[in-house]
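# Observations on the three-dimensional arrangement
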Amino acid sequence: MVPPSDQHGLLLVVAGPSGVGKSTIARLLEERTKVWYTVSVTTRGRKPGEEKGKTYEHIDKTEFFRRLDADGYLEYAQVYGDYYATPVHPTIDLLSEGKDVLLEIDVQGSLQVRDAFPEAVLIFILPPDQETLLRRLNDRGRDVADDIQKRFRAARREIAMARGSRAFDYMVINDKLETAVEEIIKIIHLKRVGGI
Ligand code: ADP
Ligand code: 5GP
């Protein structure tokens, strides 16, 4: 964890259960707004379709904790048995240059961001219902059955944790993708002084 910076850009956090559509939404926000989407590090192995260094930087546990000791992370958490973190750079640099940054992270990491960056805008994405979430996890075709079950079982707990924490500024239901993206773009406009 790093102390709050002299933050100028908008720090936007998008969280929600696996398969709810966070990455899909984040990619569209990156295309349609000026938000920067940074790459997380993870100890989870690379899955088919994940391009090297594009979705994540995959590192082993030793390297993960070496970096934690050396530079710290903006936030980090253990999720579904693996470690995930947002490196301090380039996020802090982009913010201090006045750029808006989007983090796509889990609830535990979101709570750390809430503490360190009171001005951050936290959005939690909800599925329209459980069946849809399970269908999306399956349709994505990325995870083996065990991983899908692990992620689906965690969803209820994550939603309860997000609601109970009161840390999130907005809850957005990702039913129709376009509607969800438009809703988030409106939030960005609202929160960013001067618009995007
Ligand atoms: P996450 O990043 O939250 O784990 P993804 O963005 O990978 O989720 O989305 C999981 C799957 O659901 C993908 O196949 C994606 O194309 C699909 N998806 C996302 N949003 C919608 C939506 N609103 N309607 C239908 N399918 C969606
Ligand atoms: P997946 O393995 O399905 O890609 O991601 C698992 C979970 O880890 C998702 O909830 C995702 O949002 C979260 N995650 C991805 N990157 C980070 C990160 O940098 N920090 C934290 N705390 N969670 C992350």
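Scroll up to find the structure this text is about.
In this text, all values refer to a predicted model and were calculated from it rather than measured experimentally. Note that residues are indexed from 1 along each chain, following the sequence as it is written. Working convention: letters from A go to chains and numbers from 1 go to ligands, in the order in which they are written. Where totals are concerned, whole chains, interfaces and linings use all residues; where local detail is concerned, this predicted model gives features only for residues with pLDDT of at least 70, and gives and counts side-chain atom pairs only at 80 or more. Side-chain measures were taken over the full set of non-hydrogen atoms in the model, leaving aside hydrogen atoms and water.

## Let's talk about the layout of surface pockets
The distinction between a cavity and a pocket rests on a 1 Å grid over the protein atoms alone: a 1.4 Å probe fits inside a cavity but cannot get out, while a pocket stays open yet meets protein on both sides within 12 Å along at least five of seven lines, and a residue with an atom within 4 Å of a point counts as lining. Grid points are joined across faces, edges and corners, and a volume is the space filled by probe spheres set on the points. By volume, the largest pocket is sized at about 1000 Å³. Surrounding the largest pocket, 38 residues form its lining, S23, Y56, E104, R140 and R142 being those nearest its centre. If you list the elements that add at least two residues to the lining of the largest pocket, you get α1 (22–32), β5 (73–79), β6 (82–87), β7 (101–104) and α6 (145–165). Helix and strand assignments follow DSSP, with helices taken as H or I runs no shorter than four residues and strands as E runs no shorter than two, numbered in order from the N terminus. It is α1 that contributes the most residues to the lining of the largest pocket, four residues altogether. Each residue gets one of three labels, nonpolar for Ala, Val, Leu, Ile, Met, Phe, Trp, Tyr, Cys and Pro, charged for Asp, Glu, Lys and Arg, and polar for the others, Gly among them. A breakdown of the residues in the lining of the largest pocket according to their chemical character gives 13 nonpolar, eleven polar and 14 charged.

## Some details on the packing of aromatic side chains
Working definition: an aromatic ring pair is given by the centre-to-centre distance plus the angle between the planes. Between the rings of Phe, Tyr and Trp (Trp by its six-membered ring), a pair exists once the centres lie within 6.5 Å; its type follows the angle of the planes, with under 30 degrees stacked, over 60 edge-to-face, and the other angles tilted. Here the structure, examined in full by the defined rule, presents eight aromatic pairs. A centroid spacing of 5.0 Å and a plane angle of 80° characterise the contact between F65 and Y83, whose relative ring orientation is edge-to-face. Linking F65 in helix α2 (residues 61–70) with Y83 in strand β6, this pair joins segments that are 18 residues apart in sequence. Partly exposed residues are those whose accessible area sits between 20% and 50% of the maximum for their type, while under 20% is buried and over 50% is exposed, using a 1.4 Å probe and protein chains only. Exposure remark for F65: the relative accessible area of 29% places this residue in the partly exposed category. Take Y83: its relative accessible area is 16%, and that puts it in the buried class. Site record: aromatic cluster; members linked through ring pairs are F64, F65, Y73, Y76 and Y83.

## Observations regarding the site of ligand 1
The full set close to ligand 1 counts 15 residues, and G19, K22, S23, T24 and R140 are the nearest of them. A 3.5 Å cut-off defines polar contacts: any pair of N or O atoms within that distance qualifies, except that in protein one atom must be a possible hydrogen donor and the other a possible acceptor, and neighbouring residues in sequence count only when both atoms are side-chain atoms. Contact distances for ligand 1 include 2.6 Å between an oxygen atom and a side-chain N or O atom of S23. Taking D175, its main chain carries an N or O atom lying 2.9 Å from a nitrogen atom of ligand 1. Note on areas: Shrake-Rupley, 1.4 Å probe, and residue coverage restricted to the protein chains presented here. Here ligand 1 has 570 Å² of accessible area as a free molecule, and 75% of this is covered by the chains. At a threshold of 2 Å from the grid points, most atoms of ligand 1 map onto the largest pocket. Among the elements that line the shell around ligand 1, the one with the most residues is α1, at three residues. One heavy atom within 4 Å of a molecule or strand makes the whole residue count as near it. By definition, a pocket or cavity contains a molecule when more than half of the molecule's atoms lie within 2 Å of the pocket's grid points.

## Details of the sheet that holds β6
Criterion used throughout: strands pair if DSSP finds at least two bridges between them. Ordered by their spatial adjacency, four strands build an open sheet running β4-β3-β6-β5, and the pairing between neighbours is mixed. Two strands close off the open sheet at either side, each with one partner strand: β4 (56–58) and β5. Shown here is a sheet whose adjacent strand axes are inclined to one another by a mean of 25°, direction ignored. Bridge analysis of β5 against β6 gives six bridges, and the strand direction is antiparallel. Residue Y76 lies in a different strand from β6, and its bridge partner there is A85. As a rule, the C-alpha atoms of each element are fitted with a line to give its axis, helices using only the stretch in contact, and angles between N-to-C directions run from 0 to 180 degrees.

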